[in-house]
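Structural features, examined
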Amino acid sequence: MQQRVDFHSRIEQALGNPQLKASLRSAMDGLMANRKACFPDADALEALRLRGAQIRANALSKLPQLLLQLEQRCTQNGIRVHWAESVDEANGIVLGIMREHQAELLIKGKSMVSEEMDLNRFLEAQGIECLESDLGEYILQLAGEPPSHIVAPAIHKTRQDIARLFKEKFPDIPYSDDVDTLTRNARGILRKKFYAASAGLSGVNFAVAESGTLCLVENEGNGRMCTTVPPVHIAVTGIEKVVEKLAHVPPLLKLLTRSATGQHITTYFNMISGPRRTGEKDGPKEVHLVLLDNGRSRIYEDNELVNTLRCIRCGACMNHCPIYTRIGGHAYGTTIPGPIGSILEPQKAGLDNLGELPVASTLCGACAEVCPVRIPIPTLLNRLRYERIRSDHDGATHGQGSGRTRKEAAIWKAWSWLHRSPVRYRLALTLATRLRKILPLGLGPWTRVRKPPRIAAKNLHRRAREEGFNDR
Amino acid sequence: MAEQKRYPAKPKKAYFFATCLVDLLYPEAGLAGMQLIRREGVEVIFPQDQTCCGQPAWNSGYRDEAREVALRQLACFTDNYPIVVPSGSCAGMMRHHYPEMFRERADQASIEAFSSRVYELTEFLVHVLKIELKDLGKPIKVALHTSCSARREMGVADEHEALLKQLSKVELMTQARKEECCGFGGTFAVKQPAISAEMVSDKANAIADTGADLLVSGDCGCLMNIGGHLDYRDAAIEHRHIASFIWERTHATEG
């Protein structure tokens, strides 16, 4: 119940912020236009999406075996592989590595799994400093906020917001709201830290089972710095990020960058296949891979919901979502916001905690239309609505039945009773028509911003009879 | 994306499924759809035992309740005629979700046979009846809102436009972000009223900005939402179901 209250108050807060509305609208319009420009040929796009969906579905169908292969190949390459069932375990593993090296500073590239782990807070409580090096993430770290978008984490902030934040945090640097100047200033601050850090952390976009390669997509070069400059590189990722073959990477990469930001290719694409080898002049001495489950294998169990795990985290579903565009990422209160978050997060945290999210959708289908791996998001939202109110429990999804109320169940029972009998339905129609002058229609929230619809003097059943349309 | 669909030749008879919103609130739209089909020489059958497609319960998670109601509809349309629906949303339910609804349940093959006979009204007029419209109305500026289910589930956005473009005195205005949802979403409008209000207000602004005299849509849910909001604002923009609009402009005895 608390979650419901929080969700609603966050929505109200977001809707009451005209500046947020303007920022989101123009940012999302830009991202949508960029994506569109990248896919001029509709048939080619559909073929590529189908390929992407097949590659991801294939990987998931063999997930246990591919994970073992990944572990084996990574180990052969000199990457140390760690398995974490929970966030606590994953945090413990990262801490253990840091302690082993008496490391006091961890420099981080962008990683949504590290957000899922709440790693920064955990390490800082242990006296280890974490520094975000992705510009957007760095801004948010300064502001003390979580990301509001998985690809463009500070999308909710304006240039002026950021300029004021920099002035507040770095009073010695002259105020500027020029993007290039701000970026240059941030780079100046961060650059020295790369040399000082004893470990660098990154996420993984695709982990290739056949070769033990960790692929990392980025635009700022900070990812490459994090994974090559410090002596230790720790990669954290979810167990679903594995793909079978190297040949599967190019189609997914094509889909990812075009869907996310409308780029044909990002500025950097890193393929990490192990620590520095003898004779090599750079690269970390140690590479660790932490594979996090945190509820994923439970999602994996269900034949339909498993499709949630196809996601390659491009963010196109949020960019195209009319609701995300209105309320922004923070309102969701989850690590991953938007349509994909509304199916993924309740499955992880339980429908008892996040059951409101699948309900907060018009099922308009804009997300599924652009999803590069064709996740049927509206179908899965619908499925979770069912899981949320079902009265029998098969225990597959956390929080099953938690949203069922006696009142709502009774309403739908009555609805069904009325509509499954033609006689009762026609009787109700006639009654509604007779009483149309006094029946209140669409009370409460509906009429707050709308005139109520009017019941017609004659319903269609009657008019069809009168106009001579046969019954059979 | 809608699959490539093959259309049959013009049938002798066709069924009409009213949808509950049309039945109660917009019967003239249903009647207009039936008259348009009849004018093309097809006998229209309106089974009096029809009620609702079951979508409200289905989208609320009440699957058993939805199935009970859907089963009643299956029993009303047993002959092998096309079933024409004046709504992308309800047509999408019967065409795409009925097979999903009864998966591994009742006779799957007969459900699929039923679903394959379901057509949204504009696609039926364009592809099956190959209707040709003669515009008898006065010049008018019209904005079209295509519902999300008509656009994405049924893939009939082009058919809506094609019909309006056949009307020589109708100037079709294009609102900004025309593909975006109007914020109706069935129970969404009541469960998330604040977001829904924001969405419908943005939609109404975009439509008003085109200078249109009239809003048409193929779905009464969207009409009730956007039209209700336009009326609430006292905007000088009327709203009409696409079937009513076409019938009014092409029917000889109408003023």
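Residues numbered from 1 in each chain as written. Chains lettered and ligands numbered in written order. Predicted model: local features only at pLDDT ≥ 70, side-chain atom pairs only at ≥ 80, totals over all residues. Heavy atoms only, no water.

Structural notes on the overall build of chain B
A count of helices and strands for chain B gives 13 helices and eight strands. Its C-alpha atoms give chain B principal-axis dimensions of roughly 50 × 45 × 30 Å. Burial status across chain B gives 64% buried among its 255 residues. Accessible surface for chain B amounts to roughly 9,400 Å². Of this, 48% is attributable to carbon and sulfur atoms. Once the 29 positive and 35 negative side-chain charges of chain B are each reduced to a mean point, those two points are 4 Å apart. (Helix = DSSP H or I, 4+ residues; strand = E, 2+ residues; numbered from the N terminus. Buried < 20%, exposed > 50% of the residue type's maximum accessible area, 1.4 Å probe, protein only. Areas by Shrake-Rupley, 256 points an atom, 1.4 Å probe, with all protein chains shown as cover. Lys, Arg positive; Asp, Glu negative; His and termini not counted. Charge placed at Lys NZ, Arg CZ, Asp CG, Glu CD.)

Overview of the interface of chain A and chain B
Residue-level contacts link 70 residues of chain A with 71 residues of chain B. Summed over both partners, the interface of chain A with chain B buries about 6,300 Å², with 59% contributed by carbon and sulfur atoms. On the chain A side of the interface with chain B, the three residues burying the most area are A:Trp412, A:Leu460 and A:Phe469, jointly 12% of the side's total. Here chain A is connected to chain B by 11 salt bridges. Salt-bridge contacts for B:Arg152 lead to A:Glu369; the nearest nitrogen and oxygen are separated by 2.8 Å. (Contact = heavy atoms within 4.5 Å. Buried area = accessible area lost by both parts, 1.4 Å probe. Salt bridge = Lys/Arg side-chain N within 4 Å of Asp/Glu carboxyl O.)

Some thoughts on the pairing of strand β7 (residues 232–238) of chain A
Along any regular strand, the residues point their side chains to alternate faces of the sheet. All names here are of chain A. For β7, a buried count of seven out of seven residues is recorded, marking the element as mostly surrounded by other parts of the structure. In β7, alternate side chains face the same way, and those of Val 232, Ile 234, Val 236 and Gly 238 on one face and His 233, Ala 235 and Thr 237 on the other are all buried. Summarising the sheet, strand β4 (residues 199–202) and β7 pair through four bridges and their orientation is parallel. Paired with Gly 200 across the two strands is His 233, which belongs to β7. Bridging between β7 and strand β10 (residues 286–292) involves seven bridges; their strand directions are parallel. What sits directly across from His 233, in β10, is Val 287. (Pairing = 2+ DSSP bridges.)

With respect to the environment of B:Glu123
All names here are of chain B. As for its placement among the helices and strands, Glu 123 is situated in helix α7 (residues 121–128). Exposure remark for Glu 123: the relative accessible area of 1% places this residue in the buried category. With residues up to four places along the chain from it excluded, the contact list for Glu 123 reads Lys 5, Tyr 7, Val 118, Val 128, Met 154, Val 156 and Glu 159.

Brief notes about the sheet that holds strand β6 (residues 170–173) of chain B
All names here are of chain B. Reading across from one edge, β6-β5-β7-β8 is the order of the four strands in this open sheet, with parallel pairing throughout. In the strand order of this sheet, the two ends are held by β6 and β8 (238–241), each with one partner. The mean angle between the axes of side-by-side strands here comes to 35°, regardless of whether they run parallel or antiparallel. In the sheet, strand β5 (residues 140–145) pairs with β6 via four bridges, with the strands oriented parallel. By the bridge assignment, Val 142 is partnered in β6 with Leu 172. Where helix α9 (residues 157–166) meets the sheet, it contacts β5, β6 and β7 (214–217), and its direction lies at approximately 145° from that of β6. (Axes fitted to C-alpha atoms, helices over the stretch in contact; angles between N-to-C directions.)

Considering the side chain of A:His82
On the secondary structure map, A:His82 appears in strand β1 (residues 79–84). The contact partners of A:His82, leaving out residues within four places of it in the chain, are A:Ile93, A:Ile97, A:His288, A:Leu289, A:Val290 and A:Leu291.

Considerations on the domain arrangement of chain B
All names here are of chain B. Examined at the domain level, chain B breaks down into domain 1 (13–128) and domain 2 (140–250). The C-alpha-based centres of domain 1 and domain 2 are spaced at 22 Å. Contacts between domain 1 and domain 2 engage 29 residues on the former and 23 residues on the latter. Carbon and sulfur atoms supply 68% of the area buried between domain 1 and domain 2, which totals about 2,100 Å² over both sides. Here domain 1 is connected to domain 2 by zero salt bridges. Secondary structure elements with two or more residues in the side of domain 1 that touches domain 2: α1 (20–24), α2 (27–39), α5 (88–101) and α7. Ranked by residues supplied to the side of domain 1 that touches domain 2, first place goes to α5 with eight residues. Here the side of domain 1 that touches domain 2 is built from residues that sort into 13 nonpolar, 11 polar and five charged. (Domains from an automatic or database assignment. Nonpolar A, V, L, I, M, F, W, Y, C, P; charged D, E, K, R; others polar.)

A look at helix α10 (residues 179–196) of chain A
Residues and elements named next belong to chain A. For α10, built from 18 residues, the straight-helix expectation of 26 Å at 1.5 Å per residue is met to within 8% by its first-to-last C-alpha distance of 26 Å. Among all positions of α10, only Leu 182, Ala 186, Ile 189, Leu 190 and Phe 194 are buried. The secondary structure elements touched by the buried residues of α10 are β2 (105–108), β3 (129–132), α8 (135–143), α9 (159–169) and α11 (222–228). (Expected span 1.5 Å × (residues − 1).)

Points about empty space enclosed by the protein
All names here are of chain A. Enumeration over the complete set of coordinates arrives at four cavities of 30 Å³ or more. Approximately 170 Å³ is the volume found for the largest cavity. Lining the largest cavity are 18 residues, with Cys 321, Pro 339, Ser 361, Cys 367 and Leu 381 sitting closest to its centre. Every element with two or more residues in the lining of the largest cavity is listed here: α15 (322–327), α16 (338–349), α19 (366–370) and α20 (377–389). Broken down by element, the residue count for the lining of the largest cavity peaks at three residues, all from α16. A volume near 90 Å³ is recorded for the second largest cavity. Sort the elements by how many residues they give to the lining of the second largest cavity and helix α14 (residues 316–319) lands first, with three residues. When grouped by side-chain class, the residues that make up the lining of the second largest cavity number 13 nonpolar, one polar and one charged. (1 Å grid on protein atoms, 1.4 Å probe; cavity = no way out; pocket = protein on both sides within 12 Å on 5 of 7 lines; lining within 4 Å. Points joined across faces, edges and corners; volume = space filled by probe spheres on them.)

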